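# Remarks on the overall topology
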Amino acid sequence: MEEKQAQNPNGCGGKGFKTMCGGQALIEGIMMRGPKKQAVVVRRPDGELEIQEKELRFIKDRFPVLGWPLIRGVVNFGGSMYSGVTALMYSAEFYPEEEGEAGEEPSRLEAWLNERLGSEKFTALITTLAVLLGVGMSIGLFFLLPTLLGTAITWVTDSMLARNLAESLLKIVIFVGYLALCSRMKEMRRVFSYHGAEHKTIFCYEAGLPLTVENVRRQPRHHPRCGTSFLFVVIFVSILASTVVFAIWPVHNPLLRFLAHLAMLPLIVGVSYEFNRWVGRHDGPVTRVLIAPGLWLQNFTTFEPDDSMIEVGIRALELVLPAEKGADAW
């Protein structure tokens, strides 16, 4: 039976509507991405909103093969990481860590690179290095560290099943522990509150309601298409993949095991993306069970926002909504 869609002055909406619009929490701000536009809205220390908008260009439009299933997951993940870090660095400019830091002179290296590359290329270089560092730290924390710690099980048994089980448990414990630790940091709690505002705003729009503070406030803060859920799926799929691979190809050497994890990572990200895409588009008993762990983990990464944060989320989403109703349907 065809579902009725409620009229939404801000775009398409209604029961069962899923939008491709999504976002990311920043330092005192939110980034939203629509089908054609991206907007960053930051609340400055003086209380006013700073807005940055840009038209989106997708590499898959030039190279269609990069939009194929499994491949698009890796491409979109890389693109999201880059745009996310860029937006985060932009929001951080309004909140220097220490008083007077904003007026500090750049280091000699920074000045030299800026002179040789130009401001745009210099910024792109710094952003790329930040993305690579972030990816490297994530791989080290969630893949290399469990592999190294898992060698302790060999002191007790040579069972490959026991080794796989130990590494799997370590991945989950480290991941959950990392999120729990971040959630207790004062600075991160405000970022995670903006994360909650982003989710609530998206839910309000998908429900077909006018984007007002009152309507947004009533929405849930846990969203099935959240990046936290995606990362959990990556961890879970990596556990399944490594269990199968090492059952067929038993390897105890930690370096070889880590290299095998690294080789599987692009496929793991691709599968995880397609899984999240599928569960995000469907509602039912099966999908509710599948998304439950990711929603629970969002208790660590989303908090209830105040009205000023909700206003930022609303403004950011309004800026990226397409003029044509339904053009953002996912």
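For the structure, see preceding data.
Below or above, wherever it landed, is the structure these notes cover. These figures come from a predicted structure and were not determined experimentally.

### Side note on the pairing of strand β1 (residues 22–26)
Along any regular strand, the residues point their side chains to alternate faces of the sheet. Of the strand pairs in this sheet, β1 and strand β2 (residues 29–33) are connected by five bridges, and their pairing is antiparallel. For L26, the partnering residue across the bridge sits in β2 and is G29. Linking two consecutive strands that pair antiparallel, namely β1 and β2, is a turn of two residues; a positive phi of about 55° is found at E28 within it.

### So, helix α10 (residues 285–301)
At 3.6 residues per turn, the α-helix brings residues three or four places apart onto the same side. With 17 residues, α10 should reach 24 Å at 1.5 Å per residue; the first-to-last C-alpha distance of 25 Å fits that figure. Buried within α10 are the following residues: T287, I291, G294, L297, Q298, F300 and T301. Considering only its buried residues, α10 is in contact with α5 (160–183), α6 (186–206), α8 (227–248) and α9 (254–281).

### Details of the nonpolar core
Within the largest apolar cluster, 25 residues are counted, with the highest numbers of intra-cluster contacts made by I30, M32, L211 and L317. Put simply, the parts of the chain that give this core at least two residues each are β2, β3 (37–43), α6, α7 (213–217) and α11 (307–320). Broken down by element, the residue count for this core peaks at eight residues, all from α11. I139, F175, I268 and F300 belong to the second-largest nonpolar core, a separate cluster that totals 21 residues.

### Some details on the pairing of β2
With four of five residues buried, β2 is to be regarded as a mostly interior element. For β2 and β3, the ladder comprises five bridges, and the chain directions are antiparallel. Residue pairing for β3: I30 is matched across the bridge by V41. Between the antiparallel neighbours β2 and β3 lie three residues.

Here is what the cut-offs are and how they apply
- Residues numbered from 1 in each chain as written.
- Predicted model: local features only at pLDDT ≥ 70, side-chain atom pairs only at ≥ 80, totals over all residues.
- Heavy atoms only, no water.
- Pairing = 2+ DSSP bridges.
- Helix = DSSP H or I, 4+ residues; strand = E, 2+ residues; numbered from the N terminus.
- Expected span 1.5 Å × (residues − 1).
- Buried < 20%, exposed > 50% of the residue type's maximum accessible area, 1.4 Å probe, protein only.
- Contact = heavy atoms within 4.5 Å.
- Core = buried A, V, L, I, M, F, W, Y, C linked by side-chain atoms within 4.5 Å.

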